[in-house]
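Observations on the model geometry
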Amino acid sequence: MGKFINTYPVVPLRLGPSHKAEMGSQILLGEVFYIIDTAGEWLKIKLNFDNFEGWIDTDHFLLKEFTHSSSPVITDTEFEAISSLGEKLVIYPGSAIYEYDENKLSFRIGPDEYTIKQKLTFSGAGESIVDTARRFMNAPYLWGGRTPHGIDCSGLSQLCYKIHGRNIPRNSNTQACIGTVINLLSDALPGDLLFFDNAAGDIIHVAILVDNNHVIHASGGVRIDRVDHQGIFKTDQERYSHQLRIIKRI
């Protein structure tokens, strides 16, 4: 049916055509998708960014075709913008905006033009991936979430890498399939991804390495915990919460 762009700050992407269905991810502003199926008022879509598939409800989503000829820039902070009609829009880190004009302090999303109050920074503004991840500290855990107001473990790693110009899959088990294996924790570098499995050997969690002894991850909320060759040790609970399976450098 064509290529479409999301013009809303964030839209839930469900795993079935129902509001009761699990939220598998979220679509951020400016992300592009294709329609691959329909069910009543629901559309099954595939995101161009990470190939994730899910369902959106057309009752609260206005379809707008993708018409931009230029590449987007990826925002790295949360800020407000105002449309030409005077409507306010909250824009989250990791959103894609088009035709950014630093002099006019404006940009476009689909057919709509927005203005802002100050110049923007992009691609982490010289930060490391760890520094970017720290911005999400204490964000509440939300299954399928991808914003500072609710995020899951793989949403955090995906979003931080996206802000730094690298696209990785949505879920931890698929993220673990890319990159280069690092055999020893002592050889790992800040920003490397650590993956953790359950008793069945399935990858169920991902964290970003801060240093050889700590990771930042979304578990209850975004937090920093100790890590060793065995896994993540939560000092406040005095226990290992996740068993280390593999380390990857993306």
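I will try to describe carefully the structure that is included in this document. Please read these numbers as outputs of a predicted model, since none were measured by experiment.

What counts and how
- Within any chain, residue numbers begin from 1 and follow the written order of that chain's sequence.
- Totals for whole chains, interfaces and linings use every residue, but because this is a predicted model, local features are given only for residues with pLDDT of at least 70 and side-chain atom pairs only at 80 or more, for both listing and counting.
- Each side-chain value is derived from all of the structure's non-hydrogen atoms; neither hydrogens nor water enter the calculation.
- Strands are runs of DSSP state E lasting at least two residues, helices are runs of H or I lasting at least four, and both sets are numbered from the N terminus onward.
- Computation of the radius of gyration draws on C-alpha atoms, with the globule rule given as 2.2 Å multiplied by the number of residues to the power 0.38.
- The rule is simple: take the accessible area with a 1.4 Å probe, protein chains only, and divide by the maximum for that residue type; under 20% is buried, over 50% is exposed, in between is partly exposed.
- Should any heavy atoms of two residues lie within 4.5 Å, those residues are considered in contact.
- Values of accessible area rely on a 1.4 Å probe in the Shrake-Rupley scheme; residue burial ignores everything except the protein chains shown.
- As used throughout, the charge tally considers Lys and Arg to be positive and Asp and Glu to be negative, leaving His and the chain termini uncounted.
- All charge positions are set by atom: Lys at NZ, Arg at CZ, Asp at CG, Glu at CD.
- Definitions used throughout: a 1 Å grid over protein atoms alone; a cavity as a set of points that fits a 1.4 Å probe which cannot get out; a pocket as an open set with protein on both sides within 12 Å along at least five of seven lines; a lining residue as one with an atom within 4 Å of a point.
- Grid points are joined across faces, edges and corners, and a volume is the space filled by probe spheres set on the points.
- Under the convention adopted here, Pro, Cys and the residues Ala, Val, Leu, Ile, Met, Phe, Trp and Tyr are nonpolar, Asp, Glu, Lys and Arg are charged, and Gly plus all remaining residues are polar.

**So, the overall build of the chain**
Each helix and strand in the chain was counted, giving three helices and 21 strands. Taking 18 Å as the expected radius of gyration for a compact globule of 250 residues, we find that the chain reaches 19 Å, a close match to that expectation. With the principal axes as the frame, the chain shows a C-alpha extent of 55 × 45 × 30 Å. The buried share among the 250 residues of the chain stands at 50%. In the chain, the share of contacts with a sequence separation of at least 24, taken over all contacts with a separation of at least 6, comes to 52%. Approximately 11,800 Å² of the chain is accessible, and the part contributed by carbon and sulfur atoms is 48%. Of note, the chain has its 24 positive side-chain charges centred 1 Å away from the centre of its 30 negative side-chain charges.

**Some remarks on empty space enclosed by the protein**
Gaps left between atoms are located by rolling a probe of water-molecule size over the structure's atoms. As enumerated under the stated definition, the model contains one cavity of 30 Å³ or more in all. If you go around the largest cavity, the residues you meet are Pro12, Arg14, His19, Trp42, Trp55, Ile56, Asp57 and His60. Of all the elements in the fold, those that place two or more residues in the lining of the largest cavity are strand S2 (10-14) and strand S6 (53-57). Here the lining of the largest cavity takes three residues from S6, the largest share from any one element. Considering only residue class, the lining of the largest cavity consists of four nonpolar, two polar and two charged.

Coordinates in, geometry out; function isn't part of it.
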